[in-house]
Amino acid sequence: MGFIKLVGPISNLDYSIIIIYMMGMVGVGFWFSKRHGDFEDFFLAGRSLTTPLLITTLISTYYGLDVLFGDSQLAFTDGVVAWFGYARPTYAFFLIAAFLLARRLRKENFLSLPDILYRYYGKETRYIGAIASFIYSLPSLSLYAFGMLGEVIMGWPPVIGMAVIGGVGLVYTLTGGFWAVALTDSVQFLVMCLVIALAVPFALDLVGGFDQMIEILPEYYFQTMGDLSIWLVIIYASTGLTILVEPTFYQRIFAAKSYKNVRNALIAGIFIWGSYDWIVTILAMAAKVGVLQGTITVDVDSNAALLTIMVAALPVGALGLFLAGVIATEMSTLDSYCLVAGGNIAYDIYKPAIKPKASDAELIKTTRIGICVSWILGFLIAIAFEQMLGLWVLLASVLISSVMVPILIGLYFPVLRKKMAGTLSSSFGLLSTLILNIYIMIYGTFDPSEETYILSYGNWEILQEYVMYFTVPFSFFGFWLGILIEKNKG
Amino acid sequence: MSGWEIFTWLSTIILGLGSLIVFIFFLLDLPSLLNNQPKK
């Protein structure tokens, strides 16, 4: 692995801020390590999250470096379409989740995403859902990002960055459970939002103000749909589908004090999400202006645009806060996914399959083992895989294809909650997505410009991102096949 | 000042001030959250 280098020096004050921040996170974990009650307290913070805490933990968890650098990469090369075409459609899914999904999920007091599948379709579907959720929650992308940040900020080899920065996240998640995750998320939320907001005047000042941006950037940078095709916009928009089956998102709904808290948090959160995305877009466009002006280095890589302009624009101290904010952005994602993966092992597999009468203490212990297992697997994958974008597509399609159809149908059509329908739908989805992804990754070719694997048949090209358009209908087919089988039996 | 610039400053205010206000509300909630939490 090889990443970008920072173009400016980092002062001791900046390093001190980063170290104090990381020590603070570990401190919170240890403080909570002796304050757990039962498993529900460890895994869902006793279902007591209020609106402000839900806003902070939802925003900081769902926004990782993929959003920070993904949005900024597109904005650097294409302009405001990064917000209008890529970020904005996800807010529609947040509204759907706020008004249609959250009420039903919170009403039935579920504990995890596979728990829903168990109550609607039985234990077989639960196990498949638990495997899909566990695979999706492996923190390989977060650890890869820490490898990058360790190299960029400290000059460490990527493996050391993964182990040290990722290790901090592991320690406080292990010790403090969801209480530590939610409370550290709140601090991380404040740091990541404030530093991005504070960066705006510095960045605009560096490039000579907003008027300079309008004057220097090509016209299409300010066209809301840029020069993207409608199909690409649809594909970008459909990535928001993950929200409807996102395990960490579900965990926060289950952990809320009431449905109203979730709804209010999501509505308030949309404004903060929208502002965050817009500012990241503008900062990346300012970086482009800086490159065209020669204010910042001309050979900057598009995915390093945001880091580069921040290093150039921010004064000592503020840069340390920004870098702590960048680490916070991903740390809050890693801790949440590790905890969900640990819960999948303990509550959704160990308890029903191995020890149905497991005590709360045993479940907490097994969750901690699961957290370690997920972290180690994520670490190994992050070292082994070169193409992280391809890996993300694989992980997201595994989850969506396996659980989306049975969960959404089960939630809204109680009459269709048939055991065989759930089993066939989830297994068809899981198997087809694994087979298709692996097939494309082996027999397709990697296109560096598209950053994806492409399988060609004559004039037809199938991108790895398209897999879900085959596997979700296949999961739907499995569902109806199951309904037919049950009907013939009965 | 262009529409884009006004939108940018509005977003900056919403993000900066909004995140601060949410965090203050969280701090106000914190004592009751911790009091409700069982000790081992």
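It should be emphasised that the depicted structure is a prediction, and the values quoted were computed from it without experimental measurement.

Scoring rules and cut-offs
- Residues numbered from 1 in each chain as written.
- Chains lettered and ligands numbered in written order.
- Predicted model: local features only at pLDDT ≥ 70, side-chain atom pairs only at ≥ 80, totals over all residues.
- Heavy atoms only, no water.
- pLDDT = per-residue confidence, 0-100.
- Contact = heavy atoms within 4.5 Å.
- Buried area = accessible area lost by both parts, 1.4 Å probe.
- Salt bridge = Lys/Arg side-chain N within 4 Å of Asp/Glu carboxyl O.
- Polar contact = N/O pair within 3.5 Å; in protein donor to acceptor, adjacent residues only side chain to side chain.
- Helix = DSSP H or I, 4+ residues; strand = E, 2+ residues; numbered from the N terminus.
- Pairing = 2+ DSSP bridges.

Undergrad: Before we move on, could you go through the confidence of the model for chain B and cite the residues and values that matter?
TA: On average, residues of chain B score 87 in pLDDT, and 88% of them are at 70 or above. Interface confidence for the predicted complex, given as ipTM, is 0.92, next to a pTM of 0.88.

Undergrad: Tell me what's going on with the interface of chain A and chain B, and back it up with residues and numbers.
TA: Tallying the contact residues gives 41 residues for chain A and 26 residues for chain B. Taken together, the two surfaces of chain A and chain B that pack against each other cover about 2900 Å², and 77% of this comes from carbon and sulfur. It is Arg35(A), Phe210(A) and Trp278(A) that lose the most area in chain A upon contact with chain B, and together they represent 19% of the buried surface on that side. Along the contact surface separating chain A from chain B lie 0 salt bridges. Connecting chain A to chain B are 2 residue pairs in polar contact (both at pLDDT 80 or more). Listing elements by their share of the side of chain A that touches chain B, those giving two or more residues are helix H1 (12-32), helix H3 (51-62), helix H5 (81-107), helix H9 (158-207), helix H10 (210-216) and helix H13 (259-293) of chain A. With 13 residues, the top contributor of residues to the side of chain A that touches chain B is H9(A).

Undergrad: For the pairing of strand S2 (residues 452-457) of chain A, give the residues involved together with the corresponding values.
TA: Residue and element names in this part refer to chain A. As paired elements, strand S1 (residues 445-447) and S2 share 3 bridges and run antiparallel to each other. Bridge pairing in S2 links Thr445 to Ile454. Of the pairings in the sheet, the one linking S2 to strand S3 (residues 460-463) comprises 4 bridges and is antiparallel in character. The partner of Ile454 across the bridge, within S3, is Leu463.

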